[in-house]
Amino acid sequence: MRRRVSRFILPLLALLAVASCSTRKDAFLNRTFHALVTRDNSWFNANTKLQETVAEVQKAYVDDYDKVLPIFVIGTEEQAKGIYPTMEECIEKCATVIDRNSMEFDGKEKNNWIDDAWFVIGQSHFYKRSYLDAERTFDYIGRRYKGQDKQMTAKIWLARTAVQLEQYAKAQSVLDEIKGQKVLPKKFPHDQLSAVQAEVDLKRGKVDDAILSLEHAVDITKVKKDRVRWTYILAQLYQAKGMDDKAIATFGKVTRLGAPYEMDFQAQVQQALAFDRGDSKKLRQKLVRMLRDEKNVDHYDMIHYALADLDLKENKPADGIAQLKLSTKVSTTDTRQKAKSFLKLADLYFDDKKYPDAQHYYDSTSTVLAEDHLRFDEVKTRAEVLGDLVDQLEIIDREDSLQAFAKLDPEEREKRVKELIKNREQQEEQDKQEAADARELIANNPTPPAGQGTPEAGGAWYFYNPVQISRGLADFKKKWGNRANGDDWRRADKSGSALVDVAEEEEPDSTASSSTLANGEPAWKDPASYLKDIPETPAMLDSSNTRVCKALYLTGMIYKEKLKDVDNAIESFQVLNDRFEDCRYTPESHYQLYRIYLAKEAGGNFMDFGGASSKHYADIIMERWPGSEFARLVQNPDQLQADEAAKTAESQAYDELYAQFRQGAYNGVIATANGVLEQQPRNHLRPKYALLRAMAIGGLHLTGPFREALARISADFPGTDEAKAAAAMLANLRTGDQPEAPVDTAKAEVGYSEDPGDQFIVFMVPDSAGPISNVKAAISDFNQQYFRNTPIEVSATIWDKHTQVIQIRLFQTKEKAMEYYSLFETDASVLRGINDQGFPLFAISSGNYTRFYTNKDEMGYSDFFERTYLGNN
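Note that the coordinates shown come from a computational prediction; the quantities given were computed from them, not determined experimentally.

Explain the overall build of the protein to me, please; I cannot follow it from the model alone.
Across its full length, the protein carries 35 helices and 6 strands. Out of the 873 residues in the protein, the part that is buried amounts to 42%. For the protein, contacts bridging at least 24 residues in sequence account for 62% of all contacts bridging at least 6. Within the structure as shown, the protein displays about 46,900 Å² of accessible surface, and the carbon and sulfur contribution to it stands at 50%.

Structure follows, in structure tokens:
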């Protein structure tokens, strides 16, 4: 009997299962079957993979605590590239499950898990930074699946996507739409809504509104990591608004919420940095306790920075500077903090007009400061400018010291030299002893001695910290190069005078032959080496004074033009005038003082004390140098501005003519250039016009006149860059090479347009790269891994007898093409050995491709691509 029932039931169940597989029948069994298949098969696997990947990205992400933390962690661009294949896999799984299990009847989806599958697709696009695709997906969910679970959540993500696209008005509109709903789903993430609102407010500069939204998010969220992170951000916002007491209290909450170590530590330090008034005793005690905790050894630099901040706020600049210097010395792995400490020191010295010290620390800052830091260019510029200033100040100090030494009688000189040599010997012995002590300590102590570290607390001693040792070795090599391990390494090639107070490490190295004496002793022990530069003759003294005069003038100009420090500029120019009655720069020095006082008088509130005025210096110039250019400028103070305006007009005219040259209008270029050269003797671009004229003649294939024009440039404008370029072209003509067009300045390419239409990727591969079929196969594998859901065609065309062009197409937008370009350029696995060889790679519109290929214009299009696609002006 049982066998008969089984024979009847099993086929029936099989038939029911087959029947339920249909997506065209709106029956309970069909809906249940496809819902289960959607949820428990592809969607579950894709969603699990997505969440795991996102968790890994968030775990690996390193927060920059110098800035307000992002409310949501979405990873870096590099991380997005790394997870690209995984996100494509998630998209493919969900796209497949939608295709096979969607049940749409009368415009309504009957499978309640289809919107979840679309939601995973949207999130996958979002985390791989394909924001336009994410926007379309979330917008589709919001419009198509009304009343279903993911409709409103998708709108939150639509707002988040709009934020990433910097469409803040659109993001706010979407959030307002959500808030306008009378009823929201039971499991709707209200905390996420408030957090996204805070993010939009911050992007729009509405910090007060952001605080209110984030306070609400913190109050209602049930996710601990979100509560901790958002509380920390709240404290940062309070601090930014000057609500110091509230910031300190909120940072304290972070530590009580059980934040991760790094955030907990930062919160404690930020409590000290937020301090602005009152008694700092408790905060100082907390920081000192943190210095005693060895687990904070890599953050000792930050703690000393916080202590320095307290000192500076309490008007203890000397103590603050000492703490900052200590911060840089105990720094281990945190280059960001080291840069902060260096920069703070540099700014303090700069504000105090202690420029040599400021230069030292700006220079140190520039070696560790991130290139994307807001002040990177400023720091680099200040380091260079102050470096120039320090060079001139050192010239003045050195020459003054040598001149003073020349005035001593021989016995006094000998006595002073002996003292210098004796001091040097003592320093050398001290250096040797310290090095020997360090080696002995390392050899005899296999484990770090307890209590070694900072003066205030225990920690890893320098010589037991491998990070510090490696950093020290790198710094050593950077300053001194690769040197043999021997005694006297630091001064082995220093034979110059020790009379001047100049840092020895900044002096140029002498040759090896001058570093030692014939008897094997170092050259610095020879008294004669200290006397060789002393200006003992009138000619040597004149040369020394010439160097001082020039250095004083350049110092004044740096103060005036680059540092805007007119007080020091006045002092430099006045010292020059008082010291040198008629040196090379005396007239210019008087003129600069005239300009400074003219500006002071124009600014108002200027009072003439002791005859220092523009009229005073104008009278001197007119009396002593009546026929000079400076006298002409004094007679007409606006002449300088007129000259600058004329130069600007001349530059614009040249730019226009250069554009005509690029268009091939050679006859017109020659005629215009001839007119300028004949009729405008004061035009500051005459050498450029001459070169452009010569190149236009070359463009007409007039070889003889071309040679004559190039030779004339060398004769008419000797020593200029244009003369050097002309000489190089003549040399090329003799060897049969064709000259290239002048590239003295970047000019706009003619014929290429910023076409928003269909785009290609062009990859130019030389024959030396191997069979083109292998390259195409690797690119196809790359496409399968990163763009498995995007149809991409790969083809090859001959460029010339040595090169082929691979076309990768088709991308509907410039953004899509650049997304592919970025991934292609940085891939380190599939395309290894192909994309890292420096072969030209471009994105190009279909319209521009025709001109690019027809004219074989690799260089011209490369310039266009750099400027319009990569933004490199």
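Following the structure, the description resumes.
What am I meant to see in the pairing of strand β6 (residues 841–845) here?
Walk down a regular strand and you will see the side chains alternate between the two sheet faces. Summarising burial for β6: 5 of the 5 residues are buried, a large majority. Burial of the side chains of β6 extends over both faces: Leu841, Ala843 and Ser845 are buried on one face and Phe842 and Ile844 on the other. The pairing of strand β3 (residues 759–766) with β6 spans 5 bridges and is classified as antiparallel. Bridged to Gln759 within β6 is Ser845.

Help me understand unusual backbone geometry, please; the structure alone is not making it clear to me.
The phi torsion of most residues other than glycine is negative, and most of the peptide bonds are trans. If you check the backbone angles, Glu166 has positive phi at about 60° while not being a glycine. Relative to the elements of secondary structure, Glu166 occurs in the loop between α7 (150–164) and α8 (168–179). Taking relative accessible area as the criterion, Glu166 reaches 61% and is therefore assigned exposed. Positioned with a positive phi, Lys353 is a non-glycine residue whose angle comes to about 60°. Structurally, Lys353 is set in the loop between α17 (335–351) and α18 (355–368). With a relative accessible area of 41%, Lys353 lands in the partly exposed category.

Mind showing me how you'd approach the pattern of salt bridges here?
For the coordinates displayed, the defined rule picks out 42 salt bridges. For Arg284, the salt bridge identified is with Glu314, shortest N-O distance 2.9 Å. Of this pair, Arg284 sits in helix α14 (residues 281–291) while Glu314 sits in the loop between α15 (300–313) and α16 (317–329), and the two are 30 residues apart along the sequence. By relative accessible area, which is 25% here, Glu314 ends up partly exposed. Linked by salt bridges that have partners in common, Arg398, Glu399, Lys532, Asp533 and Arg547 make up one network.

Looking at this structure, I do not really get the state of the cysteines. What am I missing?
What we call a disulfide is simply a covalent bond connecting the sulfur atoms of a pair of cysteines. Overall, the coordinates contain 1 disulfide when judged by the stated rule. The partner cysteine of Cys549 in its disulfide is Cys583, sulfur to sulfur 1.8 Å. On the criterion of sequence distance, the pair formed by Cys549 in helix α22 (residues 538–562) and Cys583 in the loop between α23 (566–579) and α24 (586–602) is long-range, its members being 34 residues apart. With respect to class, Cys549 is no different from Cys583; both count as buried. Not part of a disulfide, Cys90 finds its nearest cysteine sulfur in Cys94, a span of 6.9 Å. Judged by its relative accessible area of 1%, Cys90 falls in the buried class. According to the relative accessible area criterion, Cys94 is buried, its value standing at 0%.

I'm lost on the sheet that holds strand β5 (residues 803–811) in this one. Help?
Within a beta sheet, neighbouring strands are joined by backbone hydrogen bonds and run either parallel or antiparallel to one another. Reading across from one edge, β4-β5-β3-β6 is the order of the 4 strands in this open sheet, with antiparallel pairing throughout. Of all the strands in the sheet, just β4 (793–800) and β6 have a single pairing partner and so form its edges. The sheet shows a mean angle of 30° between the axes of neighbouring strands, taken without regard to direction. Each of β3, β4 and β5 is contacted by helix α32 (residues 772–786), which is oriented at about 150° to β4, the strand it contacts most. Contacts from helix α34 (residues 846–854) reach β3, β4, β5 and β6, with the element oriented near 120° to β6.

Would you take a moment to explain the environment of Val669 for this structure?
Along the chain, the position of Val669 falls in helix α28 (residues 666–679). Of the residues examined, Val669 reaches a relative accessible area of 0% and is grouped as buried. Counting along the chain gives 20 residues from Val669 to Tyr689, while the straight-line C-alpha distance between them is 9.2 Å. Discounting residues that sit within four places of it in the chain, Val669 has contacts with Leu657, Gln660, Phe661, Leu692 and Ala696.

Just checking my understanding: could you explain the packing of aromatic side chains for this structure?
The geometry of an aromatic ring pair is captured by the separation of the ring centres together with the interplanar angle, meaning the angle of the planes. Enumeration according to the criterion identifies 50 aromatic pairs in this entry. Plain terms: the ring middles of Phe350 and Tyr355 are 5.6 Å apart, the flat faces sit at 65° to each other, and that makes the pair edge-to-face. Across this residue pair, the class does not change: Phe350 and Tyr355 are buried. An aromatic cluster is built from Phe760, Trp799, Tyr821, Phe842, Tyr849, Phe852, Tyr853, Tyr861, Phe864, Phe865 and Tyr869, whose rings are joined through pairwise contacts.

Sorry, what's going on with the side chain of Ser327 here?
Position of Ser327 among the secondary structure elements: in helix α16. What makes Ser327 buried here is its relative accessible area of 0%. Not counting chain neighbours up to four residues away, the residues in contact with Ser327 comprise Asp301, His304, Tyr305, Gln337 and Ser341.

I tried to follow α34 on my own but got confused; where do I start?
Given 3.6 residues to a turn, an α-helix orients residues that are three or four positions apart in the same direction. Taken as a whole, α34 has its buried residues at Asn848, Tyr849 and Phe852. Across the axial projection of α34, the buried residues extend over an arc of 110°, all falling on one side. α34 presents Thr850 and Thr854 as exposed residues on the side facing more than 90 degrees away from its buried surface. In the core, the buried residues of α34 are packed alongside β3, β4, β5, β6 and α35 (858–868). Looking one or two residues past α34, Lys856 carries a phi angle of roughly 50°, positive in sign.

Any chance you could explain the packing of helix α9 (residues 190–203) against helix α11 (residues 224–240) here in plain terms?
How two helices sit against one another is set out by the angle between their axes and by the gap between those axes. Relative to each other, α9 and α11 sit at 30°, their axes nearing to 13 Å. If you check the angle between α9 and α11, you find them roughly parallel. Handedness of the crossing formed by α9 with α11: left-handed. Residues Asp191, Gln192, Ala195 and Leu202 of α9 lie in contact with α11, whose contacting residues are Asp226, Trp230 and Leu237. Grouping the amino acids of the contact of α9 with α11 by side-chain chemistry returns 4 nonpolar, 1 polar and 2 charged.

What should I look at first to understand helix α5 (residues 114–127) in this one?
End to end, α5 covers 20 Å across 14 residues, agreeing with the expected 20 Å (1.5 Å per residue, within 8%). Burial analysis of α5 places 13 of its 14 residues in the buried class, the great majority of the element. Arg129 lies just past α5 and shows a positive phi near 70°.

Cut-offs and rules
Residues numbered from 1 in each chain as written. Predicted model: local features only at pLDDT ≥ 70, side-chain atom pairs only at ≥ 80, totals over all residues. Heavy atoms only, no water. Helix = DSSP H or I, 4+ residues; strand = E, 2+ residues; numbered from the N terminus. Buried < 20%, exposed > 50% of the residue type's maximum accessible area, 1.4 Å probe, protein only. Contact = heavy atoms within 4.5 Å. Areas by Shrake-Rupley, 256 points an atom, 1.4 Å probe, with all protein chains shown as cover. Pairing = 2+ DSSP bridges. Salt bridge = Lys/Arg side-chain N within 4 Å of Asp/Glu carboxyl O. Disulfide = S-S within 2.5 Å. Axes fitted to C-alpha atoms, helices over the stretch in contact; angles between N-to-C directions. Phe/Tyr/Trp six-rings, centres within 6.5 Å; stacked < 30°, edge-to-face > 60°. Arc of directions from axis to C-beta. Parallel < 35°, antiparallel > 145°, perpendicular 65-115°, else oblique. Left-handed = near helix turned anticlockwise from the far one by under 90°. Nonpolar A, V, L, I, M, F, W, Y, C, P; charged D, E, K, R; others polar. Expected span 1.5 Å × (residues − 1).

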